[in-house]
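Each chain is listed here by its residues.
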Amino acid sequence: MEPQLLHRVTDSVATVVIHHPAKRNAMTAGMWEALPPLLGELAADPAVRALVITGEGGTFCAGADISTLVGSPERAQSLAVLAEEALAAFPKPTLAAIRGHCVGGGAQLAAACDLRFAQEGALFGVTPARLGIVYPASATRRLVALVGPGAAKYLLFSGELIDSQRALRTGMVDEVLPEGALDKRVAEFTRVLVARSQLTQAAAKEFANGRTDRDAHWAEQARAGGDTAEGVAAFLERRPPRFTWTTSG
């Protein structure tokens, strides 16, 4: 099978699978280019309430396919940045489910997600210093926001890999699961996500990402959307809420 991004939607969760097992799921230029339109399609689908990105088999993503850097590294990097920004801007909760290597462009994609769950034994690295590449400014700022300047400099200056426990301590990942437990935990947690208010999630995502010009917009959405009244009524009636506000609507 050619290197590609596979996807499916099950129980309101879209799963995007990085599929290039011959090169440990390294991202080709075509795969970088395919990600933004795929994310746009999934964002517009009212059936999708959360998104998981993962890798085929035992590896998340070993970075960019180095062969794509020959001749036009600037184009390859620009495609990666566009894909990263599209993932960061996805309006619904996103989670990276990580096994094995999460390196270079793989770490770039994981950092662009809202949350990262990793299997014990996963390895993380940001490796442009090994290739003499200037890491994109947007990706550098996102990494600093995630792990802090000290840990970001360690990763960027050295290109060394860190294990899942160190990644957990630095904030690179949110949870580390024993071998064999990752899929179950991701399924459990995404069931929680899809049961919650998309209104709350969408507003919180923008606020947490630093947007400061939409306070009035979200106040109006809260007044008109109905989720607050439904949440309060469900609490008082001791029943699960039936939230109806959607980013697609």
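As shown above, the structure is provided for reference.
Residues numbered from 1 in each chain as written. Predicted model: local features only at pLDDT ≥ 70, side-chain atom pairs only at ≥ 80, totals over all residues. Heavy atoms only, no water.

A. Summary view of the sheet that holds strand β5 (residues 101-103). Taking strand neighbours across the sheet as the criterion, the three strands line up as β5-β7-β8 in an open arrangement whose pairing is mixed. The open sheet terminates on both sides in strands that have one partner only, identified here as β5 and β8 (162-163). Strand direction decides the pairing type here: β5 and strand β7 (residues 123-125), joined by three bridges, are parallel. When the bridges of β7 are listed, V103 appears paired with G125. Against the sheet, helix α3 (residues 105-112) makes contact with β5 and β7, and its axis sits at roughly 85° relative to β5, the strand it touches most. (Pairing = 2+ DSSP bridges. Helix = DSSP H or I, 4+ residues; strand = E, 2+ residues; numbered from the N terminus. Contact = heavy atoms within 4.5 Å. Axes fitted to C-alpha atoms, helices over the stretch in contact; angles between N-to-C directions.)

B. Local environment of the sheet that holds strand β4 (residues 94-98). With mixed pairing, the six strands of this open sheet are ordered in space as β1-β2-β3-β4-β6-β9. A single partner strand is all that each edge strand has here, and the edge strands are β1 (4-10) and β9 (175-177). Ignoring strand direction, the axes of neighbouring strands in this sheet form an average angle of 20°. Relative to strand β2 (residues 13-19), β1 runs antiparallel, the two being bridged by seven bridges. Note on β2: the bridge partner recorded for R8 is T15. Sheet contacts for α3: β2, β3 (50-55), β4 and β6 (115-119); angle to β4, the most-contacted strand, approximately 140°.

C. Structural context of the nonpolar core. Formed by 49 residues in total, the largest nonpolar core has its most connected members in I18, L51, I53, F60, I98 and F124. Sorting the residues of this core by element identifies β2, α1 (29-43), β3, α2 (73-88), β4, α3, α4 (137-147) and α5 (149-158) as the ones contributing at least two each. In terms of residue count, the dominant contributor to this core is α1 (eight residues). Listed in part, the 12 residues of the second largest apolar core include V52, A97, F117 and L177. (Core = buried A, V, L, I, M, F, W, Y, C linked by side-chain atoms within 4.5 Å. Buried < 20%, exposed > 50% of the residue type's maximum accessible area, 1.4 Å probe, protein only.)

D. Structural detail: unusual backbone geometry. Phi at D11 takes a positive value of approximately 50°, unusual for a residue other than glycine. Positionally, D11 belongs in the loop between β1 and β2. Overall, D11 belongs to the exposed group, its relative accessible area being 68%. If you check the backbone angles, S12 has positive phi at about 75° while not being a glycine. Turning to its location among the elements, S12 is positioned in the loop between β1 and β2.

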